[in-house]
Amino acid sequence: MYLATTGRRDAPPPSATGGPGRRVPATVLALGTVSLVTDVSSEMVTAVLPLYLVVGLGLSPLQFGFLDGLFNGAAAVVRLLGGHAADRGGRHRRVAGLGYALSACSRLGLLLAGGAAGQIATALAVDRVGKGIRTAPRDALITLSSPPHLLGRAFGVHRAMDTTGALLGPLAAFALLWATAEAYDAVFVVSFCTGLLGVLLFVLYVPAPPAEPSTRRRTNPLEALRSTAFRRILCAAALLGGATVGDSFVYLLLQRGLDIPVGWFPLLPLGSAAAYLLLAIPAGRTADRVGRRLPFLYGHVALLGVYALLLLPAGGPVLAVVAPVLILLGVFYAATDGVLMALAAPALPDGGRAGGLALLQTAQALTRLLGTAGFGAAWTVWGPGPALWAAAAALLVSLAGGWVLLPGTPTADPERPPA
């Protein structure tokens, strides 16, 4: 097993000699397969959820933004607990498996909820909690099984497989809604069965990491803050997260601004997912070669391009606006999601990898909660145009701050003893 803070630093990486260092570990491929199947399940629901809540149940943009932000914020807090539990005794596999199981069961809750808002909210909360619990342990498994110099590539492969599921999920939802005359229950049933398949694949094919002395020590997620490089990454990610408008609002803005038929709404995530799928591995490999700081910042420049396109006056062919927006959104995720984890992992202690990544993900998600809720409120009070202008201005300021804060090549603090 390779660790980001151990080993001979003067030795050339295996890939430099054409050896097996270029290969993605089997654990990464297994986790990618599980994520693929699980994302088919989750994205089927995510693709229709804004339409179901806003159009079907009549929620206002402010209400939807509050609920979406609240659940994502709750999941962010749960990440800390999941990361801490995973680091105690090296229980990454067990904690991640629990998260996958909770998310699968939440689909059954949506099916049984009918139109009851309270039960729908509970099911969504369970789904977000499951996702929050599993994310940090899963990413820690990737970092603990991959060579440090190939972390970008490993996360790129995993995110590409994960995004394949995100691409197939909305397509399956669209097909089901078309075949069943917009019966949302059919989407929830198929999503539940697919989620159970993902849990089974995780149990059968994802191995537990070898027990290392460093992973037996009880850790505190806040120990990651001892690293100066990690603190700077944390602040930059939180700052940029606060200027990020949720995907659901992007899709709703496209649908309303261009008067896209409701039946085509579930297909909107396909464009961004396809771009993410195609670019995730190249973005990861590029980050390994040139450093992970610049790709992360350039990804947010692509998001700024999304805002700019949405601010253009309506008119002309619909595809001329929709395609660039969805492609740039995919570029944003390809250059930021896995790249951020690969950027932060070398700055974390071995025994606190899951807790540190959970802390980073939590800070980013909580600021996105504020950004999402703020955008929903601004849309409701001022309208979509002024709200987008405010989001674009906030992102420009955040990019300047991120440029100053982000370190080039973070490593674990040499004066700190191994965890």
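Computed from a predicted structure; not experimentally measured.

Chemist: What is the right way to read the packing of aromatic side chains from this model?
Modeler: The description of two aromatic rings rests on the distance between their centres and on the angle between their planes. The tally for this structure, following the rule as stated, stands at six aromatic pairs. One aromatic cluster is present, built from ring pairs that chain together Phe 249, Phe 375 and Trp 379. The aromatic ring of Trp 403 is capped on one face by Arg 293, whose charged end is 4.3 Å from the ring centroid.

Chemist: Teacher, can you tell me more about the packing of helix α5 (residues 151–179) against helix α6 (residues 184–205) here?
Modeler: Two packed helices can be described by the angle between their axes and the distance between those axes. At a minimum axis distance of 8 Å, the contact between α5 and α6 shows a crossing angle of 140 degrees. Compared by their axis directions, α5 and α6 come out oblique. Here the hand of the crossing between α5 and α6 comes out right-handed. Where α5 approaches α6, its residues Ala 173, Leu 176 and Leu 177 are matched on the opposing element by Tyr 184, Ala 186, Val 187 and Val 190. Within the contact of α5 with α6, the residues separate by chemical class into seven nonpolar, no polar and no charged.

Chemist: Even after reading the chapter, I still don't get the nonpolar core, so can you show me in this structure?
Modeler: As a rule of thumb, nonpolar side chains are buried together in soluble globular proteins. Membership of the largest hydrophobic core comes to 81 residues, with the highest contact counts inside it found for Leu 254, Tyr 307, Leu 360 and Phe 375. A total of 14 residues in this core trace back to one element, the largest contributor, which is helix α12 (residues 318–344). In this structure, Ala 173, Leu 177, Val 187 and Phe 188 belong to the second largest nonpolar core, which totals 16 residues.

Chemist: Would you take a moment to explain the environment of Ala 342 for this structure?
Modeler: Locating Ala 342 in the fold gives a position in helix α12. Residue classification places Ala 342 among the buried positions, given a relative accessible area of 0%. Spatially, the C-alpha atoms of Ala 342 and Arg 153 are 8.9 Å apart, while their sequence positions differ by 189 residues.

Chemist: Just to check I follow, could you spell out the side chain of Arg 292 for this structure?
Modeler: Tracing the backbone shows Arg 292 in the loop between α10 (268–290) and α11 (293–310). The class for Arg 292 is buried, based on a relative accessible area of 11%. A polar contact of 3.0 Å, which involves the side chain of Arg 292, links it to the backbone oxygen of Ala 342. Excluding residues within four positions of it along the chain, Arg 292 makes contact with Pro 148, His 149, Leu 151, Gly 152, Ala 287, Val 339, Ala 342, Leu 343 and Pro 346.

Chemist: I keep staring at the confidence of the model for the protein chain and nothing clicks. Help me out?
Modeler: For any part of a model where pLDDT is low, the fine detail of the predicted coordinates should not be relied upon. When pLDDT is averaged across the protein chain, the result is 80; 78% of the residues are at 70 or more. When the criterion is pLDDT under 50, residues 1–20 qualifies, and its contacts beyond four places in sequence or with other chains add up to 30 contacts. Per-residue pLDDT stays below 50 along residues 412–419; that stretch engages in 16 contacts with residues further than four places along the chain or on separate chains.

Chemist: Explain helix α8 (residues 228–241) to me, please; I cannot follow it from the model alone.
Modeler: Structurally, the α-helix is built with 3.6 residues per turn, so residues lying three or four positions apart point the same way. With 14 residues, α8 extends 20 Å from end C-alpha to end C-alpha; this agrees with the ideal 20 Å at 1.5 Å per step. Restricting attention to buried positions, one finds in α8 the residues Ala 229, Phe 230, Ile 233, Leu 234, Ala 236, Ala 237, Ala 238, Leu 240 and Gly 241.

Chemist: Any chance you could explain helix α14 (residues 384–405) here in plain terms?
Modeler: In this model, α14 (22 residues) spans 31 Å end to end at C-alpha, consistent with the 32 Å of a helix rising 1.5 Å per residue. Looking at the buried residues of α14, the elements they touch are α8, α9 (247–258), α11 and α13 (353–382).

Chemist: Is there a simple way to explain the side chain of Ser 398 in this structure?
Modeler: Within the fold, Ser 398 resides in helix α14. Only 3.2 Å separates the side chain of Ser 398 from the backbone oxygen of Leu 239, close enough to count as a polar contact. With sequence-adjacent residues up to four places away left out, Ser 398 is seen in contact with Leu 239, Leu 240 and Ala 243.

Chemist: Sorry, what's going on with the environment of Leu 225 here?
Modeler: Residue position: Leu 225 is located in the loop between α7 (213–216) and α8. On the basis of relative accessible area, Leu 225 is assigned to the partly exposed category, the value being 28%.

Chemist: Explain the pattern of salt bridges to me, please; I cannot follow it from the model alone.
Modeler: Think of it this way: side chains of opposite charge can pair up when their charged atoms draw near. Taken as a whole and judged by the stated rule, the model has six salt bridges. For the salt bridge of Arg 159 with Asp 139, the shortest nitrogen-to-oxygen distance reads 3.2 Å. Residue Arg 159 is found in helix α5, and its partner Asp 139 is found in helix α4 (residues 117–145); the two are separated by 20 residues along the sequence. On the basis of relative accessibility, which here comes to 3%, the residue Arg 159 falls in the buried class. Among the charged side chains, a salt-bridge network with shared partners connects Arg 138, Asp 139, Arg 159 and Asp 337.

Analysis parameters
Residues numbered from 1 in each chain as written. Predicted model: local features only at pLDDT ≥ 70, side-chain atom pairs only at ≥ 80, totals over all residues. Heavy atoms only, no water. Phe/Tyr/Trp six-rings, centres within 6.5 Å; stacked < 30°, edge-to-face > 60°. Lys NZ or Arg CZ within 6 Å of the ring centre and 35° of its normal. Axes fitted to C-alpha atoms, helices over the stretch in contact; angles between N-to-C directions. Helix = DSSP H or I, 4+ residues; strand = E, 2+ residues; numbered from the N terminus. Parallel < 35°, antiparallel > 145°, perpendicular 65-115°, else oblique. Left-handed = near helix turned anticlockwise from the far one by under 90°. Contact = heavy atoms within 4.5 Å. Nonpolar A, V, L, I, M, F, W, Y, C, P; charged D, E, K, R; others polar. Core = buried A, V, L, I, M, F, W, Y, C linked by side-chain atoms within 4.5 Å. Buried < 20%, exposed > 50% of the residue type's maximum accessible area, 1.4 Å probe, protein only. Polar contact = N/O pair within 3.5 Å; in protein donor to acceptor, adjacent residues only side chain to side chain. pLDDT = per-residue confidence, 0-100. Expected span 1.5 Å × (residues − 1). Salt bridge = Lys/Arg side-chain N within 4 Å of Asp/Glu carboxyl O.

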